[in-house]
Number of protein chains: 2
Amino acid sequence: MAHAPTLDLGTDVVSLTEQLVNIESVSHDEALIADAVEHALRALAHLTVTRRGHTIVARTDLDRGERVVIAGHLDTVPLNDNLPARRDADLLHGLGTCDMKAGDAVMLKLAADVTEPSRDITFIFYEAEEVASVHNGLRLLSESDPDLVRADFAILMEPSNASVEAGCQGTMRVDVRTSGERAHSARSWRGVNAIHAAAPVLARLQEYVARQPVIDGLTYHEGLNATRIHGGVAGNVIPDECVVEVNFRFAPDRSEADAEAFVRDFFDGFDVTVTDMAPGALPGLDRPAAKAFVEAVGGEVAPKFGWTDVARFTALGIPAVNFGPGDPTYAHKQDEHVPIEHIVRCERLLKEWLA
Amino acid sequence: MAHAPTLDLGTDVVSLTEQLVNIESVSHDEALIADAVEHALRALAHLTVTRRGHTIVARTDLDRGERVVIAGHLDTVPLNDNLPARRDADLLHGLGTCDMKAGDAVMLKLAADVTEPSRDITFIFYEAEEVASVHNGLRLLSESDPDLVRADFAILMEPSNASVEAGCQGTMRVDVRTSGERAHSARSWRGVNAIHAAAPVLARLQEYVARQPVIDGLTYHEGLNATRIHGGVAGNVIPDECVVEVNFRFAPDRSEADAEAFVRDFFDGFDVTVTDMAPGALPGLDRPAAKAFVEAVGGEVAPKFGWTDVARFTALGIPAVNFGPGDPTYAHKQDEHVPIEHIVRCERLLKEWLA
């Protein structure tokens with residue numbers, strides 16, 4: 001077993017990001033980085049540290065009137081020839097720089113430097129966010145130790161261009177299936193072509209106009225897309241089945257039931273099977289804790305289009321926002337990177353808010 | 001190496017079919033059956049036998065004014081738990097019964113019994129018809145020994161319900177490709193969905209009306225069908241490519257160039273790539289040799305929808321028809337079988353014609 005590297009919490013936040021990036025931590029392989037984070041946090045006298053699997057929780061207990069969770073995952077998607085970290089004038093490049101070790105570094109700096117915060121803080125560094133939900137460290141922690149997750153407000157340090165992205169859209173997957181009857185293609189009139197029967201499915205998708213509802217002042221943007229299509233038996237056989245896999249991204253004013261009803265109505269007359277569903281999260285900017293945070297950090301609030309663990313906090317009854325360094329469109333890309341200015345800005349704004 | 005079984009040409013044609021069926025001969029594994037056929041033919045003094053690979057040619061040389069080729073392939077598609085042969089009151093069941101050892105058995109009976117035919121005969125028992133054309137024994141023979149294939153007329157003993165099926169339709173395959181631009185499905189409006197772009201391709205196919213031209217009194221039936229479709233990158237990515245594989249079966253009054261022009265025009269505006277092409281064969285029932293044969297064997301002439309080696313003879317300038325026992329819709333099926341009555345009828349009619 002490799003020995004966990006020592007993290008230097010006394011260094012600047014960008015160098016600390018670089019240290020974290022250089023500890024490889026692809027999902028299911030977070031032992032080393034969790035050890036390093038745990039070791040660094042246990043050295044801080046004002047924090048109480050708990051470990052569950054490779055998820056590390058560190059809390060202040062100052063009897064402030066309010067508690068905030070600040071959370072970030074420790075894992076990354078698989079390597080893509082993009083380690084170790086590389087730094088130039090404005091950017092830090094490499095796997096995990098954007099999603100989301102810059103956010104983790106900001107959390108570690110807050111943990112080390114803000115010893116007397118204005119509100120109690122629960123830092124959660126968790127495992128396995130980039131894989132199936134069954135492994136998600138935040139989910140596991142909320143089930144094993146609900147008290148450790150409890151808070152008045154949560155900040156998820158997912159990349160959001162160092163500004164507040166509120167709420168998140170839901171996501172739903174369905175298979176739309178057409179069927180037919182096989183026949184030799186030399187005598188095609190004896191069969192029924194299931195691929196041809198999918199023509200109206202694609203035509204409806206092509207004509208779809210996305211709803212863009214305004215919620216708490218934020219404009220969301222739905223999307224209904226075929227992500228995969230497959231059908232066919234052999235080059236000389238009339239196909240008896242075609243499946244169109246469709247992904248519906250829905251604004252957080254829709255419930256799961258509402259989203260399903262919409263999709264079933266949209267594909268009325270076709271065989272629709274729901275294969276995956278995750279609800280969205282309303283922005284919740286009307287809640288006092290969220291409102292105060294937005295006022296404190298300033299800047300424009302944007303809607304979050306992608307699904308994040310903000311929805312999990314929302315489901316637990318905790319208002320939550322995304323607020324982290326990095327442009328999310330570079331997450332999971334070979335050329336992943338984070339602007340140095342974003343990391344510095346997030347650290348500064350959060351320190352001010354917690355002072 | 002297994003010893004080739006001895007074929008008894010003195011037995012009846014149905015028993016002989018059974019003997020041939022019980023010599024397993026999946027494509028590329030025809031040595032044993034070719035040995036057996038060669039051995040049986042070499043015992044017949046009135047025939048000159050030539051072997052090329054696992055293709056056996058046996059000819060009379062009686063200086064008749066006319067020469068007819070009678071041809072059948074010796075190979076079968078792969079086993080499907082359908083050997084050995086099983087016989088009931090009306091049918092002989094098993095792999096190769098229909099496609100086309102019943103036809104081969106008829107040929108062997110003619111070879112043995114018709115020692116003084118009214119026209120010279122070239123029997124061709126050939127290998128590897130059920131696999132890629134590059135292996136086809138008839139093609140190889142026509143290239144290595146064109147003189148052995150030369151004739152005024154050809155009868156291909158492919159299953160055709162013991163009646164004459166004339167000509168055959170051509171077959172062409174194309175890929176119709178649409179393209180788009182990838183994006184994360186949470187921000188789908190930043191991409192272009194290539195699967196949605198395939199909607200008009202499927203819509204045109206769904207609206208296609210097949211041409212049914214009458215040629216030499218026979219009604220052909222074209223067909224234009226998607227046989228496969230595929231597209232997609234991942235469940236959360238807007239796909240940048242979709243490919244529809246289309247098979248065009250065209251009547252023999254179209255040339256290959258004409259077929260291609262039709263398909264390109266049909267999919268006008270889309271990226272079309274031709275991946276496979278085999279021309280059809282006109283029925284040629286106006287040719288004296290074909291006309292005489294049809295008159296001699298009687299019955300109704302039907303068009304051949306599927307592609308057969310009749311097209312190869314036609315390309316060599318030899319008028320040809322399909323005339324063999326068995327319903328072609330049972331070829332390549334697990335429950336392949338041939339009506340005993342078909343085998344007996346084909347033998348009788350050909351013997352009469354050759355007497």
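Predicted model only: the values in this text are computed from it and were never measured.

(A) Broad picture of the interface of chain A and chain B. The interface is formed by 46 residues belonging to chain A together with 46 residues belonging to chain B. Roughly 3,500 Å² of surface becomes buried between chain A and chain B when both sides are summed, with 58% attributable to carbon and sulfur atoms. Area buried by chain A at its contact with chain B is led by Trp189, His196 and Ile229 of chain A, which between them contribute 17% of it. Between chain A and chain B we count zero salt bridges in total.

(B) Examining the UniProt feature "domain: Peptidase M20 dimerisation" (unreviewed entry) in chain A more closely. UniProt's entry tags residues 170-265 of chain A with the feature "domain: Peptidase M20 dimerisation" (unreviewed entry), counted in the numbering of this structure. A helix fraction of 20% and a strand fraction of 35% characterise residues 170-265 of chain A, whose end C-alpha atoms lie 18 Å from each other.

(C) Structural view of the packing of helix 1 (residues 13-21) of chain B against helix 3 (residues 97-113) of chain B. All names here are of chain B. At a closest axis distance of 8 Å, the pairing of helix 1 and helix 3 adopts a crossing angle of 125°. Here helix 1 lies oblique to helix 3, going by the angle between them. For the pair helix 1 and helix 3, the crossing hand works out as right-handed. Between helix 1, through Val13, Leu16, Thr17, Leu20 and Val21, and helix 3, the contact on the second element is made entirely by Thr97, Lys101, Ala102, Asp104, Ala105, Val106, Leu108 and Lys109. In the contact of helix 1 with helix 3, the residues fall into eight nonpolar, two polar and three charged.

(D) Up close: the pattern of salt bridges. Residue and element names in this part refer to chain B. A complete count under the given rule lists 52 salt bridges over all chains for this structure. Here Glu38 makes a salt bridge to Arg51, at a shortest N to O gap of 2.7 Å. A residue pair is termed long-range when its members are at least 10 positions apart, and Glu38 in helix 2 (residues 31-42) and Arg51 in strand 1 (residues 48-52) qualify at 13 residues. Judged by its relative accessible area of 16%, Glu38 is buried. With relative accessibility at 21%, the residue Arg51 sits in the partly exposed group.

(E) Local environment of the relation of the copies chain A and chain B. Mapping chain A onto chain B is achieved by rotating through 179° and translating by 0.1 Å along the same axis, at an RMSD of 0.2 Å. Between the two chains, the operation in question is that of a two-fold axis. By C-alpha distance to the rotation axis, the residue of chain A lying nearest is His230 of chain A, at 2.3 Å. Of the residues that chain A buries at the interface, 100% are likewise interface residues in chain B, meaning the two copies contact each other through the same surface.

(F) Looking closely at the packing of aromatic side chains. Scanning all chains against the criterion turns up 20 aromatic pairs over all chains. The interplanar angle of 35° and the centroid separation of 6.0 Å between the aromatic rings of Phe262 of chain A and Phe266 of chain A together place this pair among those described as tilted. With Phe262 of chain A and Phe266 of chain A both in helix 7 (residues 256-266) and four residues apart, the pair spans about one turn of that helix. The exposure class of Phe262 of chain A is partly exposed, given its relative accessible area of 25%. On the accessibility criterion, Phe266 of chain A (18% relative accessible area) is buried. Judged by centre distance (6.2 Å) and plane angle (75°), the ring pair of Phe153 of chain B and Trp353 of chain B falls under edge-to-face. Of this pair, Phe153 of chain B sits in strand 7 (residues 153-156) while Trp353 of chain B sits in helix 10 (residues 340-354), and the two are 200 residues apart along the sequence. Owing to a relative accessible area of 2%, Phe153 of chain B belongs among the buried residues under this scheme. A network of ring pairs unites the aromatic residues Tyr208, Phe248, Phe250, Phe262, Phe266 and Phe267 of chain A as a single cluster. One residue, Arg254 of chain B, lies across the ring of Phe262 of chain B, its end atom 4.6 Å from the ring centre.

(G) Structural context of the sheet that holds strand 5 (residues 91-93) of chain A. All names here are of chain A. If you walk across this open sheet you meet the three strands as 4-5-17, and the pairing is antiparallel. Two strands close off the open sheet at either side, each with one partner strand: strand 4 (86-87) and strand 17 (337-339). One ladder, built from two bridges, connects strand 4 with strand 5; its direction is antiparallel. Looking at the pairing, Arg86 lines up with His93 of strand 5. Strands strand 5 and strand 17 of the sheet are contacted by helix 3 (residues 97-113), whose axis makes an angle of about 50° with strand 17.

(H) Representation of the packing of helix 8 (residues 288-297) of chain B against helix 10 of chain B within the structure. All names here are of chain B. Packing of helix 8 against helix 10 leaves a shortest axis separation of 9 Å and a crossing angle of 125°. Taken together, helix 8 and helix 10 sit at an angle that is classed as oblique. With respect to the hand of their crossing, helix 8 and helix 10 are arranged in right-handed fashion. When helix 8 is examined against helix 10, the residues Ala292, Phe293, Ala296 and Val297 are found in contact with a partner set consisting of Leu349, Leu350 and Trp353.

About the cut-offs
- Along each chain, residue indices are assigned from 1 in the same order as the chain's sequence is written.
- Labels are handed out in written order, letters beginning with A for the chains and numbers beginning with 1 for the ligands.
- For this predicted model, a pLDDT threshold of at least 70 governs which residues receive local features, and a threshold of 80 or more governs which side-chain atom pairs are given and counted, while totals over whole chains, interfaces and linings are taken from all residues.
- To obtain the side-chain values, all non-hydrogen atoms of the structure were used and water was disregarded.
- Note on contacts: a residue pair is in contact if any heavy atoms of the two residues lie within 4.5 Å.
- What counts as buried area is the accessible surface, traced by a 1.4 Å probe, that two parts surrender upon association, with contributions from both included.
- Put simply, a salt bridge is a Lys or Arg side-chain nitrogen that is within 4 Å of an Asp or Glu carboxyl oxygen.
- UniProt positions are given in the numbering used here, feature names are shortened, and annotations may be inferred rather than shown by experiment.
- Put simply, DSSP H or I for four residues or longer makes a helix, DSSP E for two residues or longer makes a strand, and each gets a number counted from the N terminus.
- Every axis corresponds to a line fitted to the C-alpha atoms, with the helix fit spanning only the stretch in contact, and the corresponding angles, defined between N-to-C directions, vary from 0 to 180 degrees.
- The scheme is simple: roughly parallel for angles under 35 degrees, roughly antiparallel for over 145, roughly perpendicular for 65 to 115, oblique for anything else.
- Crossing handedness: left-handed means the near helix sits turned counterclockwise from the far one by under a right angle, and right-handed means the same turn made clockwise.
- Lys, Arg, Asp and Glu make up the charged group, whereas Ala, Val, Leu, Ile, Met, Phe, Trp, Tyr, Cys and Pro make up the nonpolar group; the residues left over, Gly among them, are polar.
- Exposed residues in this analysis have more than 50% of their type's maximum accessible area, buried residues have under 20%, and partly exposed residues fall in between, with area computed by a 1.4 Å probe over protein chains only.
- Least squares is the method used to superpose the copies, on C-alpha atoms of residues holding a pLDDT of at least 70 in both.
- The rule is short: rings of Phe, Tyr and Trp, with Trp giving its six-membered ring, pair when the centres are within 6.5 Å, and they are stacked under 30 degrees, edge-to-face over 60, tilted in between.
- Geometrically, a lysine NZ or arginine CZ counts as sitting over a ring once it is within 6 Å of the ring centre and also within 35 degrees of the ring normal.
- For two strands to be treated as a pair, DSSP must find no fewer than two bridges joining them.

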